[in-house]
Amino acid sequence: MDPLHQFTVETIVPLAIGGVDISFSNSALWMLLAVAAVFGIMELGLRGARLVPGRLQSLIEALYSFVVKTAKDNAGPQGRPFVPFILTLFTFILAGNLLGILPGSFTFTSHLVVTMALAMLVFVVTTAIGFARHGMAYFGIFFPPGAPKWMAPVLIPIEIMSFVARPIGLAVRLFANMMAGHTMLKVFAGFSVMAIEAVGLAGGLALAIGPVAVNVALTGFEALVAVLQAYVFMVLTCLYLRDALEMHH
Amino acid sequence: MKTLRTPIAPIAAGAIVALGAAPAQAAGLPQLDISTFPTQLFWLTVSFGLLYGLMSRVTLPRVDRLISERDATVASNLEEAERLRREAKIMAAQCEQRIAKARHQAEAMAEATHVDGEERIRVALAAAAARNTAAGRASSANDRTAALSLSATR
């Protein structure tokens with residue numbers, strides 16, 4: 001009945017390399033399931049791909065075009081080569097969020113380590129691209145163009161702080177949304193069980209309908225949040241990428 | 001940077017605080033259990049890397065090829081249609097020209113036939129008239145001789 005129990009990482013197959021525990025856990029299982037789901041649906045849709053697409057093929061082409069367009073709109077025309085990276089991020093997070101709604105599943109995006117690792121990946125990749133493209137001039141992003149020179153002592157620390165806060169915001173936003181939603185689901189599910197325990201089966205079932213109805217609505221809301229948060233992660237990644245590619249735009 | 005917020009975040013914060021205050025069976029939040037970090041990071045690297053490899057090497061090039069092939073087909077079909085349209089236009093113009101020419105010829109022929117027919121009718125009429133006149137003259141001459149001879153016998 002602990003609503004946080006769902007977040008426990010449970011070992012399935014114990015594994016260790018050089019004394020470091022890398023056991024295959026429920027988290028690892030659902031990560032691989034997310035990969036399998038994304039790749040499987042893609043391949044299924046592209047099997048016997050035709051010039052005039054079928055339903056699933058249209059869906060996959062629409063998803064691809066959507067990511068290409070999002071990258072173009074937010075990362076600029078130079079963002080085109082990064083579409084595979086952006087699409088992988090989007091679909092991986094989306095699959096993780098959506099699969100996490102299934103009862104009994106594990107939501108790997110509800111763990112701050114995971115979202116922080118993804119956010120750091122984005123941070124490191126975009127920063128590396130920035131320095132690769134612009135060299136030392138990339139430090140210029142810490143000073144907005146056109147601002148008066150004497151503002152530098154104020155602006156530069158603020159800009160540095162907002163730059164460093166990027167991965168933290170990215171990671172916490174996804175983690176908090178996923179964890180909160182899933183906790184809510186389990187809390188309301190717990191109310192149903194409590195009602196039956198308190199009043200007995202007959203009266204308890206009648207009482208339990210309320211929390212069940214709330215849970216139905218919450219599940220729908222969770223699906224929305226799952227898609228929205230994956231999208232937000234993708235869009236912000238694109239925006240950071242644009243900063244790296246074009247500096248001031 | 002704008003922060004995107006969903007209304008669930010404050011509720012969640014409340015829920016987490018409330019749950020944290022409640023007697024927890026486990027030792028705190030599972031998310032804060034550092035001992036699970038290495039395995040999560042390891043499998044995240046594996047699965048994300050795997051998905052990136054599959055997407056960038058296998059799936060997306062196919063989707064890309066598919067879409068560009070379709071675009072090329074549509075473009076070439078449009079071009080072909082445009083070419084055929086132009087050809088049809090030229091052919092229509094040629095037909096128009098030939099019809100006009102044929103009409104011209106027909107008119108000329110009709111005119112010629114008309115003139116010719118009139119001429120022949122005139123000739124025929126003249127001939128007939130001449131014939132009639134001659135015959136009339138002959139018959140009236142006969143009549144006269146007949147009359148004369150009749151009166152002579154009386």
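Residues numbered from 1 in each chain as written. Chains lettered and ligands numbered in written order. Predicted model: local features only at pLDDT ≥ 70, side-chain atom pairs only at ≥ 80, totals over all residues.

Colleague: Give me the overall build of chain B: which residues, what numbers.
Modeller: When helices and strands are counted, chain B shows 2 helices and 0 strands. Here chain B holds 154 residues, and 10% of them are scored as buried. (Helix = DSSP H or I, 4+ residues; strand = E, 2+ residues; numbered from the N terminus. Buried ≥ 20, exposed ≤ 12 C-beta atoms within 10 Å, placed from the backbone.)

Colleague: Break down the overall build of chain A for me, with residues and values.
Modeller: A tally of helices and strands in chain A yields 6 helices and 4 strands. Going residue by residue from the N terminus, the α and β elements of chain A occur as β-β-β-β-α-α-α-α-α-α. C-alpha extents for chain A along the principal axes are approximately 75 × 55 × 45 Å. Among the 249 residues that make up chain A, the fraction classed as buried is 37%. Expressed as a percentage of contacts within chain A between residues at least 6 apart in sequence, the contacts between residues at least 24 apart total 64%. (Contact = placed C-beta atoms within 7 Å.)

Colleague: I'd like a description of the nonpolar core, backed by residues and values.
Modeller: Within the largest apolar cluster, 64 residues are counted, with the highest numbers of intra-cluster contacts made by M31, I86, L89, F90, F92, I93 and F233 of chain A. Sorting the residues of this core by element identifies α1 (26-46), α2 (55-75), α3 (83-99), α4 (112-134), α5 (152-199) and α6 (201-246) of chain A together with α2 (37-153) of chain B as the ones contributing at least two each. For F92 of chain A, the contacting residues outside a window of four places in its chain are A34 and V38 of chain A together with F48 and L51 of chain B. (Core = buried A, V, L, I, M, F, W, Y, C linked by C-beta atoms within 7 Å.)

Colleague: Could you give an account of the packing of α3 of chain A against α2 of chain B, with specific residues and numbers?
Modeller: Between two packed helices, the angle of one axis relative to the other and the distance separating the axes together describe the packing. Where α3 of chain A contacts α2 of chain B, the axes come no closer than 9 Å and their chain directions differ by 125°. Put simply, α3 of chain A runs oblique to α2 of chain B. Judged by the sense of rotation from one axis to the other, the crossing of α3 of chain A with α2 of chain B is right-handed. Packed against α3 of chain A, whose contacting residues are P84, F85, L87, T88 and F92 of chain A, the element α2 of chain B presents F48, L51, Y52, M55, S56 and L60 of chain B at the interface. Split into classes, the residues belonging to the contact of α3 of chain A with α2 of chain B amount to 9 nonpolar, 2 polar and no charged. (Axes fitted to C-alpha atoms, helices over the stretch in contact; angles between N-to-C directions. Parallel < 35°, antiparallel > 145°, perpendicular 65-115°, else oblique. Left-handed = near helix turned anticlockwise from the far one by under 90°. Nonpolar A, V, L, I, M, F, W, Y, C, P; charged D, E, K, R; others polar.)

Colleague: Can you break down α1 of chain A residue by residue, with the values?
Modeller: Residue and element names in this part refer to chain A. When the terminal C-alpha atoms of α1 are compared, their 30 Å separation across 21 residues agrees well with the 30 Å that a helix rising 1.5 Å per residue should span. Taken residue by residue, α1 has S27, A28, W30, M31, A34, V35, V38, M42 and G45 as its buried positions. Immediately downstream of α1, the backbone of G48 shows phi near 60°, a positive value. (Expected span 1.5 Å × (residues − 1).)

Colleague: If you had to explain the packing of α4 of chain A against α6 of chain A to someone new, which residues and values would you point to?
Modeller: Residue and element names in this part refer to chain A. Where α4 meets α6, the closest approach of the two axes is 8 Å, and the angle between their N-to-C directions is 20°. The orientation of α4 with respect to α6, classified from their angle, is roughly parallel. Between α4 and α6 lies a crossing of right-handed hand. Contacts from V122, T126, T127, I129, G130 and R133 of α4 reach α6 at T237, Y240, L241, D243, A244 and L245. Classifying every residue of the contact of α4 with α6 gives 6 nonpolar, 4 polar and 2 charged.

Colleague: So what about the interface of chain B and chain A? Which residues, and what values?
Modeller: Chain B puts 42 residues into the contact, and the matching count from chain A is 50 residues. When residues of the side of chain B that touches chain A are traced back to their parent elements, those giving at least two are α1 (8-21) and α2 of chain B. No other element matches the 24 residues that α2 of chain B contributes to the side of chain B that touches chain A. For the side of chain B that touches chain A, the per-class residue count stands at 28 nonpolar, 12 polar and 2 charged.

Colleague: Got a sec to walk through α4 of chain A? Specific residues and values, please.
Modeller: With 23 residues, α4 of chain A ought to run about 33 Å at 1.5 Å a step, and its terminal C-alpha atoms sit 32 Å apart, in line with that. Residues of α4 of chain A that are buried: L112, V113, V114, T115, M116, L118, A119, V122, F123, T126 and G130 of chain A. Residues of α4 of chain A that are buried in the fold lie against α3, α5 and α6 of chain A together with α2 of chain B.

Colleague: Quick one: what's the story with the confidence of the model for chain B, residue by residue and with numbers?
Modeller: Residues and elements named next belong to chain B. Of all residues in chain B, 82% have pLDDT values of 70 or greater, and the mean over the chain is 82. Contacts of residues 1-26 to residues separated by more than four positions or lying in other chains number 30 contacts, the stretch itself having pLDDT below 50. Listed scores for the predicted complex are pTM 0.76 and ipTM 0.89. (pLDDT = per-residue confidence, 0-100.)

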